[in-house]
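So you can see what is in the structure, the chains are spelled out below.
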Amino acid sequence: MEQQDTRIKIAVQKSGRLTEHSIELLVRCGLSYSKGRDQLICYGENMPVDILLVRDDDIPSLVQENTCDLGIVGINIIEECWLSFKDQGESTLFSQVTPLDYGHCRLSFAVPDEVTYTGPQSLEGMRIATTYPRIVSSYLEAQGINGTIVKFSGAVEIAPSLGKADLICDLVSSGETLRAHNLYEAETILESSAALIRTPIEATSQKAEWIQRLLQRIQGVLQVKESKYIMLHAPKSALEEIRALLPGSEAPTIIPLEGCDDKVAVHAVCKENVFWETLEELKEAGASSMLVIPVEKMLA
Ligand code: PRT
Ligand code: ZN
């Protein structure tokens with residue numbers, strides 16, 4: 001029992017759009033795991049970190065009530081749950097630590113093709129079908145608009161053709177689903193992606209250290225994705241110009257070149273992707289022997 005309590009539990013979607021990326025993120029943080037027989041828990045083998053596989057809608061509550069220390073879930077669900085916990089008078093709420101770089105989508109109003117939308121005032125008096133009643137209500141309230149929310153638990157896009165609503169507010173990514181149902185995206189009210197959340201209750205000191213480590217590694221993984229290590233030769237006379245062209249780089253390392261007095265080697269970590277255009281500009285400025293290498297790990 002004592003042993004159990006020192007392990008960090010992180011809630012991840014069991015089977016859905018966020019599952020693969022979330023597990024991959026934890027593996028890139030160095031976690032190796034074995035799956036429990038019930039397929040509901042992945043036990044960390046080299047870190048005191050276990051993954052609980054659950055429905056995404058349950059993740060905020062598990063973190064809020066401290067059953068899990070951390071969770072990965074869409075900002076859309078985080079916002080809806082936050083509003084719901086607030087309504088229930090919860091004073092300390094789970095917090096969002098960082099957005100992640102996957103699960104991108106947006107929560108938007110979508111109206112039937114034949115209806116003209118001219119702005120939020122077009123929502124006045126309308127019946128709006130959604131699975132996000134609290135986010136939509138708070139948006140309408142902020143705009144001073146009266147509308148009727150029709151709560152759906154799925155397949156929101158069929159509500160207008162069934163005559164159950166005048167329009168919908170739902171998640172959109174490619175827009176294909178809306179087009180297939182003769183709807184068009186009229187207004188976005190929330191940009192979403194997956195995000196990491198943590199319990200409002202302070203962790204025990206044994207756990208806190210590993211939570212901190214894991215959070216640092218997650219930040220490292222996020223940074224690394226866009227980062228590149230660049231090596232090149234630069235004429236000393238063009239060094240300033242070349243340094244200015246390196247995207248998002250901090251102080252580069254300048255190394256003398258054996259038997260070559262007018263050139264140096266420049267090594268730098270660029271915290272943005274290095275595109276062909278940049279290499280062409282560097283070449284134009286006098287750089288040669290350029291190499292761009294992906295960064296595997298990074299710790300600030
Ligand atoms: O079983 P469980 O409850 O865990 O899963 P779920 O079915 O509720 O969730 P899932 O796996 O569909 O989505 C998980 C999370 O992925 C969401 O909470 C969002 O944060 C994020 N996400 C990203 C999306 C989409 N993109 C998305 N396109 N979630 C849903 N959709 C749906 C949308 O509701 C609509 O039906 O896809 C359709 C629109 O897609 P396009 O590409 O046609 O525009
Ligand atoms: Zn769900």
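Placed above this text is the structure.
Residues numbered from 1 in each chain as written. Chains lettered and ligands numbered in written order. Predicted model: local features only at pLDDT ≥ 70, side-chain atom pairs only at ≥ 80, totals over all residues. Heavy atoms only, no water.

> Please explain the nonpolar core as it appears in this structure.
Here is a general trend for soluble globular proteins: nonpolar side chains tend to be buried in one another's company. Of all hydrophobic cores here, the largest spans 33 residues; its most connected members are Phe109, Leu123, Leu140 and Ile189. Of all the secondary structure elements, the ones that give two or more residues to this core are β4 (49-54), α3 (59-64), α4 (75-87), β7 (105-112), α5 (133-143), β10 (167-172), β11 (183-192) and β12 (194-198). Looking at this core, the element that brings in the most residues is α4, giving 5 residues. The two domains that each donate at least three residues to this core are domain 1 (4-103 + 194-223) and domain 2 (105-191). In this structure, Leu26, Cys29, Trp210 and Ile211 belong to the second largest nonpolar core, which totals 27 residues. (Core = buried A, V, L, I, M, F, W, Y, C linked by side-chain atoms within 4.5 Å. Buried < 20%, exposed > 50% of the residue type's maximum accessible area, 1.4 Å probe, protein only. Helix = DSSP H or I, 4+ residues; strand = E, 2+ residues; numbered from the N terminus. Domains from an automatic or database assignment.)

> Help me understand the pattern of salt bridges in this model?
Opposite charge on two side chains makes pairing possible when the charged atoms of those side chains draw close. In total, this model carries 9 salt bridges according to the counting rule given. Measuring nitrogen to oxygen at the nearest pair gives 3.5 Å for the salt bridge that ties Asp101 to Lys225. Within this pair, whereas Asp101 is found in the loop between β6 (95-99) and β7, its partner Lys225 is found in helix α8 (residues 205-226), the two being separated by 124 residues in sequence. (Salt bridge = Lys/Arg side-chain N within 4 Å of Asp/Glu carboxyl O.)

> Hey, could you run me through the environment of Gly286 in this one?
Looking at the secondary structure, you find Gly286 in the loop between α10 (276-284) and β16 (288-294). Among the residues examined, Gly286 registers a relative accessible area of 28% and is labelled partly exposed. Separated by 101 residues in sequence, Gly286 and Glu185 place their C-alpha atoms 48 Å apart. Each residue touching Gly286, except ones within four places of it in the same chain, is listed here: His233, Pro235 and Ile242. (Contact = heavy atoms within 4.5 Å.)

> Sorry if this is basic, but what is going on with α4 here?
Residue pairs spaced three or four apart in an α-helix point in one direction, given the helix's 3.6 residues per turn. Between its terminal C-alpha atoms α4 stretches 18 Å, which fits the 18 Å expected from 13 residues at 1.5 Å a residue. Those residues of α4 lying buried are Ile75, Asn76, Ile77, Ile78, Glu80, Cys81, Ser84 and Phe85. Of the residues trailing α4, Gly89 is marked for its positive phi of about 80°. (Expected span 1.5 Å × (residues − 1).)

> How should I be thinking about the coordination of the zinc ion (ligand 2) in this particular structure?
Between any two of four tetrahedral donors, the ideal angle at the metal is 109.5 degrees; between two of six octahedral donors, it is 90 or 180 degrees. Surrounding the zinc ion (ligand 2) are the protein donor atoms Asp56 (OD) and Asp57 (OD), at 2.1 Å. Here the zinc ion (ligand 2) is ringed by 4 donor atoms whose angles at the metal span 74 to 172°, and the overall shape comes out irregular. Overall, the relative accessible area of 18% leaves Asp56 in the buried class. Judged by relative accessible area, which is 38%, Asp57 ranks as partly exposed. (Donors = N, O, S within 2.8 Å, 3.2 Å for Na, K, Ca; no water. Tetrahedral: all angles 85-135°; square planar, octahedral: opposite > 155°, others 65-115°.)

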